[in-house]
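# Structural overview
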Amino acid sequence: MSAIAVARQRTLRVLRDERFLRALGQAVFAIAVVLFVAWCLSNYRDRGLTFTFRFLREEASFDLAEGMAFSPVDPYWKAFIVGLLNTIKVAFFGIIMATILGTVTGVARLSRNWLISNIAGVYIEIIRNTPVLVQLFFLYFAVILKFPSLEDRIVLPGPIFISIRGINLTWPRPTESFAYWLPFLIGAVIVAVGIYAWRVLLERRTRRPVSRLPWTFIALAVPLLGWFLVPGNPLYPDRPAVEGLKVVGGTSLSPEFAAILFGLVIYTAAFIAEVVRAGIMAVPRGQTEAARAQGFTEMQILQLVILPQALRIIIPPLISQYLNLTKNSSLAIAIAFLDLYAVSSTMLNQSGRVVEVFLMIMAAYLSMSLTISVLMNYVNRRLAPVER
Amino acid sequence: MKARSWTIVSLLVLGALLAACAAPAPPAEEAPPPPVAAARFQTILDRGKIICGCNAELPGFGYLNPAGEFEGFDVDFCKAIAAAVFGDANAVEYRPVTAPERLPALQTGEIDVLIRNTTWTLTRDTANEVDWAAVTFYDGQGMMAPEATGWKTFEDMEGATVCSTTGTTTEMNLADAFRSRGLDYTPLLFEKTQDTATAYEEGRCDAQTSDKSQLAALRSAMEHPEDHVILDVTMSKEPLGPLTAHGDDKWNDVVRWVVWGMVQAEESGVSSVSLDDMLESDDPTVRRLLGVEGEMGTSLGIPNDWMVQVIRAVGNYGEVYVRWLGPAGLNIPRGPNELWTNGGLIYAMAVR
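The structure presented is a predicted model; accordingly, all values stated were derived computationally and were not measured. (Residues numbered from 1 in each chain as written. Chains lettered and ligands numbered in written order. Predicted model: local features only at pLDDT ≥ 70, side-chain atom pairs only at ≥ 80, totals over all residues. Heavy atoms only, no water.)

### Here we look at the overall build of chain A
This is how the line gets drawn: Runs of E in the DSSP output that reach at least two residues are strands. Runs of H or I that reach at least four are helices, and both are numbered from the N terminus. Radius of gyration means the value over C-alpha atoms here, while the globule rule gives 2.2 Å times the residue count to the 0.38 power. Throughout this description, buried means an accessible area under 20% of the type-specific maximum (1.4 Å probe, protein chains only), exposed means over 50%, and partly exposed covers the range between. Whether two residues are in contact is decided by their heavy atoms, any of which lying within 4.5 Å being enough. Working definition of accessibility: Shrake-Rupley area with a 1.4 Å probe, residue cover restricted to the visible protein chains. Positive charges come from Lys and Arg alone, negative charges from Asp and Glu alone, with His and the N- and C-terminal ends not counted. For the purpose of locating charges, the reference atoms are NZ of Lys, CZ of Arg, CG of Asp and CD of Glu.
Counting its secondary structure elements, chain A contains 13 helices and eight strands. Taken over the C-alpha trace, chain A has a radius of gyration of 29 Å; the compact-globule value for 388 residues is 21 Å, which it surpasses by more than 25%. Along the first, second and third principal axes, the C-alpha set of chain A runs to 105 × 70 × 45 Å. Residue burial in chain A is summarised as follows: out of 388 residues, 37% are buried. When contacts within chain A are restricted to residue pairs at least 6 apart in sequence, long-range pairs at least 24 apart make up 65% of them. As displayed, chain A has an accessible area near 22700 Å², and 67% of this comes from carbon and sulfur atoms. Positive and negative side-chain charges of chain A, numbering 36 and 22 respectively, have mean locations separated by a distance of 14 Å.

Below, the structure is given as structure tokens:
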């Protein structure tokens, strides 16, 4: 064999070596990434762009009418916070409500009652198979914007106003004597915790199940007593009233907030329902049958036997539904709700700081998503079965 | 745990990358400078028609009607220029252009003249290498409200909810207008103009703000246009007019003098109705304008009866205004677009 042939063979052997190919692949990829970053950076420099967050301290000079009080003289960073809090508000209430609605629907889907099970089925199929943006538009423009005008508002006892300008409710507000009443509220919490601990101890001592939560309601007597002891009323009802073109007093729920909240809850709950159904169906049938044979009621079977086991299967996919709800809240811009993305896009337009603002948006959503993941993974670990 | 932190790191890196690449698209400066500019006027004369960039979606200004023809206030100026240069108002090829592509289309020589509700600003004038010829419409941010409110000024609107489209200077002008007067209001910002209009029409807000021309166009599409009025308040300057590419001054001269000729015609009482009588007029201004004496047209490099052709084709400035923006059209009060002799801003340089 000639020297050339040997050399060629050696080269071939190297080229066919898996370790070499892997290293080569990674090197090529790394170079591509570096070139890509360099290209982006040079583009950035060529445009004469500078990277700075100094604009955040400048006056925003636009108005935001949703959430925390904001005026045009406030700086950009405050506008960002307003948007962030609005998004968190939607995500927080949305997750709670979607979980409740989703669980109820998922259980209803498995009901042995034909009507209940089919109503749940139709709801799930319609909602899951249409785009969420279309649903939001429908809910906002075709439902909420068809409410009566402020002049012809629906007035419910309370008073509660329902109109195209939103829902205005009577709201309790603290008066000057609230400070005297506050210790009674704190006292109530301490008493409630005390009662609960006592019931738990009692259960351990007697080794017989006793009811705990209902007993804690006794603690309510403390603030009630305080109400009569403090001078004047610590709270007064702040009633909404129409003054000119707007409603003053009370608390309000804007049509845009209602639309994004209910829209996302209805959408996400349909997915959660399927997750719950799958979780329940994964619990072996023998478990239900055994419980039924022992005389458990249907409700008890669900509460004590099925859900605790199903929960372990439900939680991991549930996390991704929570993340979806949080991220979908960025669709709020389409229906004029001032969420993080809507506020940021205004900031971006006014300041011209595209890269900086987008980085802030991404960082904010990323931290929200990671927070939800961390919390839910913690819950998941706590619920993991104790292996015996 | 390690896998997750890697995921996070890689996400952050990817995010930073995407952000860096989100930098605005390269400006047109990389394109070769338009070589056609200097000879544009000759090119047009040789071609036998002008290519006019216009809007196809703004009723009243530039709009493709159901019959497939372009029509509107801006389009009439395209016709007027064609009539002046070729004696034929139909010697125009219309090129509908969108807002982002309109200035590059002019710079690259794809169109000869852009007449598409384009605001004259310093940045555009300098950065995009274009030249405005004249102002044909003084627009400005206005306010539309139901007629039943009887509102006249901002002070009447205390506490109102105002709908607007986000992402423009509109919301800043709005905030300034109310803040400077110490008035309370609630803004409601939508992403799309059509959604803003729907929300206003449904009564979600008490008023809607945008450029007056835009408000008028939106109103014309409403179910009951007569129930809504555009208040006589202005929050910003938006002078609109035709523009040509930087560097072809002769062509720009033709465009601007056609506009000013139409203004002068209205001022001197020359209209499509009175044209034949006016050809006999003794007024030296009218005689020069219509080419009865002097060489106004010839010195522009076009036929000396240029204004006769323009008036015959589209009429004077006032006639064009009334046709599209008058009570039968978008119904925008003339306001600043009234002749200077009537207290407006429309003023022609001296035709002599």
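### A word on the pattern of salt bridges
Counted only if it meets this: Basic side-chain nitrogens of Lys or Arg form a salt bridge, by our definition, when they fall within 4 Å of a carboxyl oxygen of Asp or Glu.
Counting across every chain of the model gives 26 salt bridges over all chains. Across the salt bridge formed by R19 of chain A and D17 of chain A, the nearest N and O atoms sit 3.0 Å from each other. You can call R19 of chain A exposed: its relative accessible area is 64%. By relative accessible area, D17 of chain A is classed as partly exposed at 24%. One salt bridge connects R179 of chain B with D176 of chain B, and the closest N-O pair in it is separated by 3.6 Å. Highlighted residues: R179 of chain B and D176 of chain B, both in helix α6 (residues 170-180), separated by three residues, approximately one helical turn. By relative accessible area, which is 37% here, D176 of chain B ends up partly exposed. One connected set of salt bridges, linked through shared partners, spans K49, E93, R95 and E110 of chain B.

### Quick look at the nonpolar core
Cut-off, in case you're wondering: Working definition of a nonpolar core: buried Ala, Val, Leu, Ile, Met, Phe, Trp, Tyr and Cys residues. They are joined through side-chain atoms within 4.5 Å.
In this structure, F73, W251, V258, M262, V310 and L325 of chain B are the most contacted members of the largest nonpolar core, which totals 118 residues. Among residues more than four places away in sequence, those in contact with M262 of chain B are F77, A80, M307, V310, V314, G315, N316, Y317 and V320 of chain B. Counting residues in each nonpolar core, the second largest holds 23 residues, with Y76, F80, A342 and M368 of chain A among its members.

### Focus: the sheet that holds strand β11 (residues 186-190) of chain B
Residues and elements named next belong to chain B. To keep things clear, this is the line we draw: The pairing criterion for strands is at least two bridges between them, as found by DSSP. Convention adopted: a line fitted to C-alpha atoms gives each axis, helices being fitted over their contacting stretch, and angles between N-to-C directions are expressed from 0 to 180 degrees.
The strand order across the open sheet formed by five strands is β11-β10-β12-β9-β13, and the pairing between neighbours is mixed. Of all the strands in the sheet, just β11 and β13 (228-230) have a single pairing partner and so form its edges. Across the sheet, the mean angle from the axis of one strand to that of its neighbour is 30°, orientation sign disregarded. One ladder, built from three bridges, connects strand β9 (residues 141-146) with β13; its direction is antiparallel.

### A look at the layout of surface pockets
The condition is simple: In the cavity and pocket records, a cavity denotes points on a 1 Å grid over the protein atoms alone where a 1.4 Å probe fits but cannot get out, a pocket denotes an open set with protein on both sides within 12 Å along at least 5 of 7 lines, and lining residues are residues with an atom within 4 Å of a point. Grid points are joined across faces, edges and corners, and a volume is the space filled by probe spheres set on the points. Ten residues, namely Ala, Val, Leu, Ile, Met, Phe, Trp, Tyr, Cys and Pro, are considered nonpolar, four, namely Asp, Glu, Lys and Arg, are considered charged, and the remaining ones, Gly among them, are considered polar.
Volume-wise, the second largest pocket comes out at about 1100 Å³. Around the second largest pocket, the lining is made up of 45 residues, and of these A65, E66, S252 and S254 of chain A together with T186 of chain B lie nearest the centre. Looking at the lining of the second largest pocket, the elements with two or more residues in it are β3 (166-169), β7 (246-248), β8 (251-253) and α9 (255-281) of chain A together with α6 and β11 of chain B. Of the residues assigned to the lining of the second largest pocket, the class counts are 25 nonpolar, 11 polar and nine charged.

### Focus: the sheet that holds strand β2 (residues 57-58) of chain B
Residues and elements named next belong to chain B. In spatial order, the strands read β2-β3-β4; together these three strands make up an open sheet with antiparallel pairing. Bordering the open sheet on either side are β2 and β4 (70-71), each of which pairs with just one other strand. Sheet topology note: the strand β3 (residues 62-64)/β4 ladder contains two bridges and is antiparallel. Among the inter-strand pairings, Y63 is bridged to a residue of β4, identified as E71.

### What about the state of the cysteines?
All names here are of chain B. Going by this rule: By convention in this document, the label disulfide applies to cysteine sulfur atom pairs within 2.5 Å.
For the structure shown, the criterion picks out two disulfides over all chains. Put simply, C52 and C78 are joined by a disulfide, and their sulfur atoms are 1.9 Å apart. Between C52 and C78, the S-S dihedral sits near -45°, and the bridge is therefore left-handed. You can see C52 sitting in strand β1 (residues 50-54) and its partner C78 sitting in helix α3 (residues 73-86), a full 26 residues away along the chain. Exposure remark for C52: the relative accessible area of 0% places this residue in the buried category. Given a relative accessible area of 0%, C78 falls into the buried group. There is a disulfide in this structure between C163 and C205, and the S-S distance comes to 1.8 Å. Here the S-S torsion is close to -95°, and the disulfide linking C163 with C205 is therefore left-handed. Within this pair, whereas C163 is found in strand β10 (residues 161-165), its partner C205 is found in the loop between α7 (193-202) and β12 (207-211), the two being separated by 42 residues in sequence.

### Thoughts on unusual backbone geometry
Residues and elements named next belong to chain A. The linkage connecting G158 with the following residue, P159, adopts the cis geometry, with an omega of -5°. Of note in the backbone geometry, S61 takes a positive phi value of approximately 55° without being a glycine. Checked against the element boundaries, S61 lands in the loop between α2 (18-46) and α3 (76-109).

### Focus: the domain arrangement of chain A
What counts is decided by this rule: What marks off one domain from the next here is an automatic or database domain assignment.
The domain architecture assigned to chain A consists of domain 1 (17-46) and domain 2 (76-170 + 239-383). Placing a centre on the C-alpha atoms of domain 1 of chain A and another on those of domain 2 of chain A gives a separation of 42 Å.

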